[in-house]
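Topology and contacts: notes
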Amino acid sequence: MSVGLQDEGKVVDEVGVGGCGTQRKGDLTGGIATISGDDINGIPAVSLAQRLQGQVAGMNITLDNARPGEDGAILIRGKKTLTGSTEPLIILDGIPFAGTMAEIDQNSIENISILKDASSASIYGARATNGVILITSKKGAIGKPTVRYNGYIGIQEAQRLPKMMKGDEYLRFIKEYRRDSGDKNWDNPEEYFQQALQENYKNGITHDWVDYMFESAVQMEHQLSVSGATEATNYYLSFSYSDQESILKEAQGYKKYTVTANLSQNIGNYIKVGASIQLTERAGAGREFGEAAVNNVNVDPNFAYGLRMSPFASIKDAEGKYLHYPMRGETMYTSPYAQYGATKDDKSRAAYLSGFAQIDVPWIKGLSYRANMGYSYRQRDRGIYYPRESLTGSQTGGKAIVQANENHGWTWENGVTYTNSWDKHNLNVTGLYSAEKRYFQSSRIDAQDFLSDANKYHNLYLAKGLKSLESNKETSQLLAYMLRVNYSYASRYLLTLTGRRDGSSVYGDGNKWQFFPSIAGGWVISEEAFFKNLNLKAVDYLKLRLSYGSNGNIYSTPYKSFTKLTDQDYIFGNDNQLAGGLVSGFTYGNPNLKWEKTNTVNLGFDIYLLENARIRTAIDLYKSSTKNLLMTRTVPVMNGYASLDDNVGEVQNKGIEFNINSDNIVGKDFKWSTTLVLAGNWDKIVELQRDAQGNKLDDISNSWIIGGPTNAYFDYKVIGVWQTHEAEEAAKYKAVPGDAK
């Protein structure tokens, strides 16, 4: 049998990636969205997450602070947990990817599929609650070797920045504030301005801090690739370089180097083997760490502090050095450049290796076996040094932080697939066994009070002051068995049944295993005789999809089922000597911890309009419920511990999604297409803890209110301003005229 491609083939006949294999798009029953590599590469952004923004309905991507190289947070169909991970599972070329999207070469991606509903994602059961992102890397095409260069250079500028007060506006504001506060000298700033502002005020010298802090920055990417294929061999090799400067003056930039290699080889007619390698090195910004995570001290300039500066505050002193406290006298807010001169080296290296062997059993038509093996190694080394010219260094005599993280692990999968077609029936059965093990270890050293800044953080032994050491090691394992059955009749009636059983080492005995089933059906209405008799020429294709299933969410931290020991000194003997000992910590290990489990129902419609599906619309409505929420709850300390991790509560999500793609103009040398994405998601907390009488309780300290959203901010509702004639009424609320009502 020979297979060929035709230029006018229908969209429903295109091959889509559905996890553990491929299917015709017309045979898909789950909520799956696919983005082509061309759509991804057409967006000039160093971050893959930025390139995916706005591409798929129901997938929200946010950047916390736009720091160069930032990973971005991805949320698919809302938040389904309170304290667990919300990150989707990433699958790169069939192997679970242990890294972040920032470590993937975005220029070597062939396509990305987003599995959003329970049925399509259920084959990854244990970690599929937050959705699954399938990434397929580029391969070679049959013909002569192709050498391709892809690159761009651009300029970044900050937009919609706040407008700061000018000198006269600031004076008017501060005088009104002083007058309303009852200051008799409100009209004379020399009486109350901080000493550091007096000279500039008298001389009329002002500074626009926002204008000073931001500048234009260069962003660029370059990729060189070589690819090709014969009937037996397929290869792809690429090298990519990304460079992004910061738009914040004096802040650190970001660099990324990536090497990608894919190779596959047919051995005879029944065996195919292949291997993929991706090597990545990143240097620079990315996510903060160290002091920023502990004491809210940033090495890079703190933009927020600049917004709090008076326009009369000087940025630098007479010697051209940044001031630590530009409004000295007011020490609550430091200069955004208070840590200028600090060294921050942040390098991460990653290696991902995967291989596969596929055997088509010659004596049983349609039966094949495939083994996947993957190994990942990630290392991140970070060092900070605050010299004496920085604020932290001036207070500590120089301070150093060195931190190292190491992640590595392996994945082994064995899958058997049987495919058969007879008459109008099509059957596909896939069985899978998967094993995975992850290792993580970290160390951190803090030291301060150095005789010299010369060695920075490279010789911590020389520190005369405080030194602290931390180290950590974690191991986790996952086993899984999966069976999936796809059946279709006349490409009109579709059915998918999936069952997956997962076992994880992070839970206690008796609760390690969980079963995740799903069922999905599809009805291609446009293939029915009654629909064709309607003669609706504008409707090229119409399909109804319905699915229901379960997915899980693994607790991100191992050993929660064990009570950990901590060191505690105690008095031993009659001479008041201290002795060291070990006692149980204040967080009780709970051996009864269970999986978070999400049940989801999804109703969808695929509607293709006009000839050759010029307009393609996908509409999905869904509702999910997550039970056995994993969270830390407080218990009476008389039990011997103050808190424990437990399964309590329920969160519910519901939403609607519209994805509309259209080919407006399709010519020989020109194509114009558009994508419209509309989505809405509403989540609410159904239950948390209960009291002794069984009543549902709110968690006010975390702003978790029954019936409210998972993320909420509560504050007073301001309905006006107390007026002078309302002074008596305002006093009842301990307010005076001018206060918010």
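Residues numbered from 1 in each chain as written. Predicted model: local features only at pLDDT ≥ 70, side-chain atom pairs only at ≥ 80, totals over all residues. Heavy atoms only, no water.

1. A closer look at the overall build of the protein chain
Counted only if it meets this: By the criteria applied, helices consist of DSSP H or I runs no shorter than four residues and strands consist of E runs no shorter than two, each listed in order from the N terminus. Contact definition: two residues touch when any of their heavy atoms are within 4.5 Å. We score Asp and Glu as negative and Lys and Arg as positive, and we do not count His or the chain ends. Working definition for charges: the position is that of NZ of Lys, CZ of Arg, CG of Asp or CD of Glu.
Counting secondary structure elements, the protein chain contains eleven helices and 33 strands. For the protein chain, the spread of C-alpha atoms along the principal axes amounts to about 95 × 75 × 65 Å. For the protein chain, long-range pairs separated by at least 24 residues make up 67% of all intrachain contacts whose partners lie at least 6 apart in sequence. Taking the 79 positively charged and 83 negatively charged side chains of the protein chain as two groups, their mean positions are separated by 5 Å.

2. Comments concerning a nonpolar patch on the surface
Where we set the bar: Here a patch means residues that are over 30% exposed by relative accessible area and free of salt bridges, tied together within 9 Å if like-charged and within 5 Å if nonpolar (Val, Leu, Ile, Met, Phe, Trp, Tyr). Areas reported as accessible are Shrake-Rupley estimates using a 1.4 Å probe. Residue values count occlusion only from the protein chains shown. Counted as salt bridges are all cases of a side-chain nitrogen of Lys or Arg within 4 Å of a carboxyl oxygen of Asp or Glu. Under the scheme applied here, a residue whose accessible area is under 20% of the maximum for its type counts as buried, over 50% as exposed, and between as partly exposed, the area being computed with a 1.4 Å probe on protein chains only.
Together, Val147, Tyr149, Leu224, Val226, Leu237, Phe239, Tyr257, Val259, Ile277, Leu279, Leu353 and Tyr375 make up an exposed nonpolar region whose accessible area comes to about 1,100 Å². Its place among the elements puts Leu279 in strand 14 (residues 271-284). A relative accessible area of 41% means that Leu279 is categorised as partly exposed.

3. A short note on the sheet that holds strand 6 (residues 89-92)
In plain terms, the rule: Strands qualify as paired when DSSP identifies two bridges or more between them.
The strand order 3-8-9-6-7 describes an open sheet built from five strands, whose pairing is mixed. Two strands close off the open sheet at either side, each with one partner strand: strand 3 (32-36) and strand 7 (95-96).

4. Things to note about the pairing of strand 18 (residues 425-448)
In this structure, strand 17 (residues 399-422) lies alongside strand 18, joined through 24 bridges in antiparallel fashion. Each residue of the ladder has a partner; that of Trp410, found in strand 18, is Lys437. Between strand 17 and the antiparallel strand that follows it, strand 18, lie two residues; Asp423 among them carries a positive phi value of about 50°. In this structure, strand 18 lies alongside strand 19 (residues 467-489), joined through 23 bridges in antiparallel fashion. The partner of Ile445 across the bridge, within strand 19, is Leu469.

5. Brief notes about the confidence of the model for the protein chain
Here is the rule: As a per-residue quantity, pLDDT reports the predictor's confidence and falls between 0 and 100.
Averaged over the protein chain, the pLDDT score is 87; the fraction of residues at 70 or greater is 94%. Low pLDDT, under 50, characterises residues 1-9; the predicted model gives this stretch one contact beyond four residues in sequence or across chains. Predicted confidence is poor over residues 288-297, with pLDDT under 50, and the contacts of this stretch with residues over four places away or in other chains come to 26 contacts.

6. Side note on the nonpolar core
This is how the line gets drawn: For our purposes a nonpolar core is just a set of buried Ala, Val, Leu, Ile, Met, Phe, Trp, Tyr and Cys residues, chained together by side-chain atoms within 4.5 Å.
Counting residues in hydrophobic clusters, the biggest one holds 23 residues, and the most contacted among them are Leu52, Met59, Met101, Ile112, Ile133 and Ile135. Elements that contribute at least two residues to this core include exactly strand 3, helix 2 (48-52), strand 4 (59-62), strand 5 (73-76), strand 6, strand 8 (109-115), strand 9 (132-137) and strand 15 (343-360). Sequence-distant contacts of Ile112, defined by excluding residues within four places in its chain, comprise Ala33, Thr34, Ile35, Ile40, Leu48, Leu52, Ile133, Leu134 and Ile135. Membership of the second largest hydrophobic core comes to 20 residues, among which are Ile174, Tyr192, Leu248 and Met327.

7. Regarding the pattern of salt bridges
Counting across every chain of the model gives 30 salt bridges. Notably, a salt bridge pairs Lys560 with Asp645, separated by 3.6 Å at the nearest N-O pair. Separated by 85 residues along the polypeptide, Lys560 in the loop between strand 22 (539-553) and strand 23 (565-572) and Asp645 in strand 29 (residues 643-647) bring together distant segments of the chain. A salt bridge links Lys741 to Glu726; the shortest N-O distance between them is 3.0 Å. Of this pair, Lys741 sits in the segment after helix 11 (727-731) while Glu726 sits in the loop between strand 33 (696-697) and helix 11, placing them 15 residues apart in sequence. Within this structure, Lys543, Arg545, Asp606 and Asp620 form a network of salt bridges that share partners.

8. Regarding the sheet that holds strand 28 (residues 630-634)
With respect to topology, three strands assemble into an open sheet ordered 25-29-28, the strand pairing being mixed. In this open sheet, the two strands that pair with only one neighbour each are strand 25 (587-588) and strand 28. Across five bridges, strand 28 lies against strand 29 in antiparallel orientation. Within strand 29, the residue paired with Met631 across the bridge is Asp646.

9. Observations concerning the packing of aromatic side chains
Note on aromatic pairs: each is described by the distance of the centres and the angle between the planes. We count it as follows: Ring pairs shown here join Phe, Tyr and Trp side chains whose ring centres sit within 6.5 Å, with only the six-membered ring taken for Trp; geometry is labelled stacked below 30 degrees between planes, edge-to-face above 60, and tilted in between.
Taken as a whole and judged by the stated rule, the model has 22 aromatic pairs. Ring geometry for Phe214 versus Phe303: centroids 5.1 Å apart, planes at 80°, classification edge-to-face. With Phe214 in the loop between helix 6 (209-213) and strand 11 (217-229) and Phe303 in helix 8 (residues 303-306), this residue pair connects regions lying 89 residues apart in the sequence. Aromatic pair Tyr481 and Trp513: ring centres 6.1 Å apart, planes at 25°, arrangement stacked. Pair noted here: Tyr481 is in strand 19 and Trp513 is in strand 21 (residues 513-524), with a separation of 32 residues, a long-range link. For Trp513, a relative accessible area of 34% puts it in the partly exposed group. Chaining the aromatic ring pairs together yields one cluster made of Tyr170, Tyr192, Phe193, Tyr201 and Phe312.

10. With respect to the environment of Ile155
The topology assignment puts Ile155 in strand 10 (residues 143-156). The sequence separation of Ile155 and Gln244 amounts to 89 residues, and the corresponding C-alpha distance is 9.7 Å.

11. Some points on helix 4 (residues 167-180)
This is how the line gets drawn: Here, expected helix span is obtained from the residue count minus one, scaled by 1.5 Å. Working note: the arc is built from the helix axis to C-beta atom directions.
An ideal rise of 1.5 Å per residue puts 20 Å on 14 residues; helix 4 measures up with 20 Å between its terminal C-alpha atoms. What helix 4 keeps buried is the set Gly167, Tyr170, Leu171 and Ile174. In an axial view of helix 4, the angular spread of the buried residues amounts to 100°, which keeps them on one side of the axis. Opposite the buried face of helix 4, at more than 90 degrees from it, the exposed residues are Asp168 and Asp180. Summarising the contacts, the buried residues of helix 4 are in contact with helix 5 (195-203). One or two residues past the end of helix 4 sits Gly182, with phi positive at roughly 85°.

12. Here we look at unusual backbone geometry
Within the chain, Ala490 stands out as a residue other than glycine whose phi angle is a positive 55°. With respect to the helices, strands and loops of the structure, Ala490 is situated in the loop between strand 19 and strand 20 (493-504). A positive phi angle, close to 50°, is found at Ser491, a residue other than glycine. The residue Ser491 is located in the loop between strand 19 and strand 20 in this model.

13. A short note on helix 5
Among the residues of helix 5, those classed as buried are Leu197, Gln198 and Asn200. Gly204 sits one or two residues past helix 5 and shows a positive phi near 70°.

14. Digging into a positive patch on the surface
Taken together, the side chains of Lys623, Lys654, Lys684 and Lys696 present a region of like positive charge at the surface. In this structure, Lys684 sits in strand 31 (residues 671-687). Residue Lys684 is classed as partly exposed on the basis of its relative accessible area of 37%.

15. What about the environment of Glu87?
The residue Glu87 is located in the loop between strand 5 and strand 6 in this model. According to the relative accessible area criterion, Glu87 is exposed, its value standing at 53%. Not counting the four nearest positions on each side in its chain, Glu87 is found in contact with Ile74 and Asn130.

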